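Residues per chain are reported as follows:
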Amino acid sequence: MTAPIPALQQGRFFPLSHYQQRMLAAALDPETSRGFHLNQTISWAVRITPGVSARTLRRAFNRLVERHDSLRLRLVERGEDWRAEILPNHPIGLIVEDLGEMSEEAQKSALSERCADPLTALSDPMFEMRLLKFGSAGDVILVRIHHAVIDGYSIALLLEELLKHALSMPVCAKPLSHGEFISHRNKQLLARSAEKEAFWRKALYPLPDRLNIGREALDLPSLSPRSIGRTNTVNNILTSQASADLGHLSKSTGASAFCHLHAAFSETLCAHAEQQAMLVHSVVGRREAAMASFIGAEMIEFPLRYARGAGPVWVSDRISASAEMLPTMVLDEGTSMGQEVRTNADWMRFLVHMRAPTGRFSSSPFRKIFEEAMVGKVSFGFISLERIDLPKEVDSGFELHLNVILTPEGPQASIIGNAASWHRDDLQQLAQEVAARVLQN
């Protein structure tokens, strides 16, 4: 059963990050679509057979939230302002439900029911974990957490550390607290500001024209938290041979498979729009040692002005240069340049994203387990782990999203598009062109 939330529990207060401000604005807007909130709710479920002790998992959960105070964060109104509050204890703790023997269909229904209500930036808490016990079918651990307090990289760290706590294994040294992260971020924001602004003006101006494809071609309103809706997806756009060839190509060129796919995706969109350049967003991950063990919302999206013919090596160099200039305030809505970027190029349009964790997690003793569990079932000793696909209406907050995944068999990618502007046939055509182009660069 869910424990009641202590009414008088109070903690430490911090300013909101820019991303948390955006999530708060969406949560306060009554017209924000349910799909947007579902998109910002990261859900992950794994079946463990023969099962896991509730006592063991509760101990692991308590140690996890004690070490990572972002997991105890909530957004609260304080006077005339909003603050991020770190509670001294997790407000509800691990939720344990013994549901007994159920058919596979009934189990799926039980999971869907617990994922039906999305978390928002106003949820209390924004991180929850359940242990669902299904008798002889094993147990399911269901994790739900809002994007305002976590990112994709952190999910891998969270699950890795949870497993270590459950197995009584040592964990890394004490990670950054939320307050230390905010202090670190503020120092970065203030550093080299003139150099950053000069870099981004050179990198982005003149801004490329809007591409007359997707929502623009259909004369649909710009994508926003209010208009986001269902998505269409084309998975595994590379053949196994193409994936292997791409791996070899990456080694010979020095540009990652991610950058090769990034260039091919951008080239394809430029060709469709008959434009020489486009603005596509990418993601910068954990590039600093201080952030390697931080569980929180740290991933940063940034725009890349891609010119036709630039190619994967250029993408690789540009991403590295852009990362050195991040984070920067010049792209915030509150600055003149940020307003121009937002006005002239919809920020919720095109994204290239690598989902698979990299960096410190690449040397984790559980890397192989998580990689295999992502795509199927893995066993070690007498224990089996199997990821459960959870129902989701929206898989992308962007109009068009190239999702790059590093699998045990090699790099792979999917294309996800907003269903109102991209039919499945459109995505299939794009996928074929990206796959054909990726090895030509």
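Cut-offs used in this document
Residues numbered from 1 in each chain as written. Predicted model: local features only at pLDDT ≥ 70, side-chain atom pairs only at ≥ 80, totals over all residues. Heavy atoms only, no water. Helix = DSSP H or I, 4+ residues; strand = E, 2+ residues; numbered from the N terminus. Buried < 20%, exposed > 50% of the residue type's maximum accessible area, 1.4 Å probe, protein only. Contact = heavy atoms within 4.5 Å. Polar contact = N/O pair within 3.5 Å; in protein donor to acceptor, adjacent residues only side chain to side chain. Phe/Tyr/Trp six-rings, centres within 6.5 Å; stacked < 30°, edge-to-face > 60°. Lys NZ or Arg CZ within 6 Å of the ring centre and 35° of its normal. pLDDT = per-residue confidence, 0-100. Pairing = 2+ DSSP bridges. Axes fitted to C-alpha atoms, helices over the stretch in contact; angles between N-to-C directions.

Draft legend 1. Spatial organisation of the environment of Arg226. Among the structural elements, Arg226 can be located in the loop between helix 7 (193–204) and strand 8 (231–234). Among the residues examined, Arg226 registers a relative accessible area of 47% and is labelled partly exposed. Here the alpha-carbon distance between Arg226 and Gly35, two residues 191 residues apart in the chain, equals 8.8 Å. Not counting chain neighbours up to four residues away, the residues in contact with Arg226 comprise Asp29, Glu31, Thr32 and Ser33. In terms of polar contacts, Arg226 uses its side chain to reach the side chain of Asp29, at 2.6 Å.

Draft legend 2. Representation of the packing of aromatic side chains within the structure. In the structure shown here, the tally under the stated rule is five aromatic pairs. One aromatic cluster is present, formed by Phe199, Trp200 and Phe302 through successive ring pairs. When the ring centre of Phe13 is taken as origin, the NZ or CZ atom of Arg78, which lies over that ring, is 3.9 Å away. Lying over the aromatic face of Tyr205, Arg201 brings its terminal NZ or CZ to 5.6 Å of the ring centre.

Draft legend 3. Expanded view of the confidence of the model for the protein. When pLDDT is averaged across the protein, the result is 85; 86% of the residues are at 70 or more. Ignoring residues within four places in sequence, the model shows residues 1–8, a span with pLDDT below 50, making ten contacts including any to other chains.

Draft legend 4. Geometry of the sheet that holds strand 3 (residues 73–78). Spatial strand order, 1-4-3: three strands in an open sheet with antiparallel pairing. Here the strands that pair on one side only, and so sit at the sheet edges, are strand 1 (12–14) and strand 3. Sheet twist, expressed as the average angle between the axes of neighbouring strands with direction ignored, equals 40 degrees. Pairing of strand 1 with strand 4 (residues 81–86) involves three bridges; the strand directions are antiparallel. Bridge pairing in strand 4 links Phe13 to Glu85.

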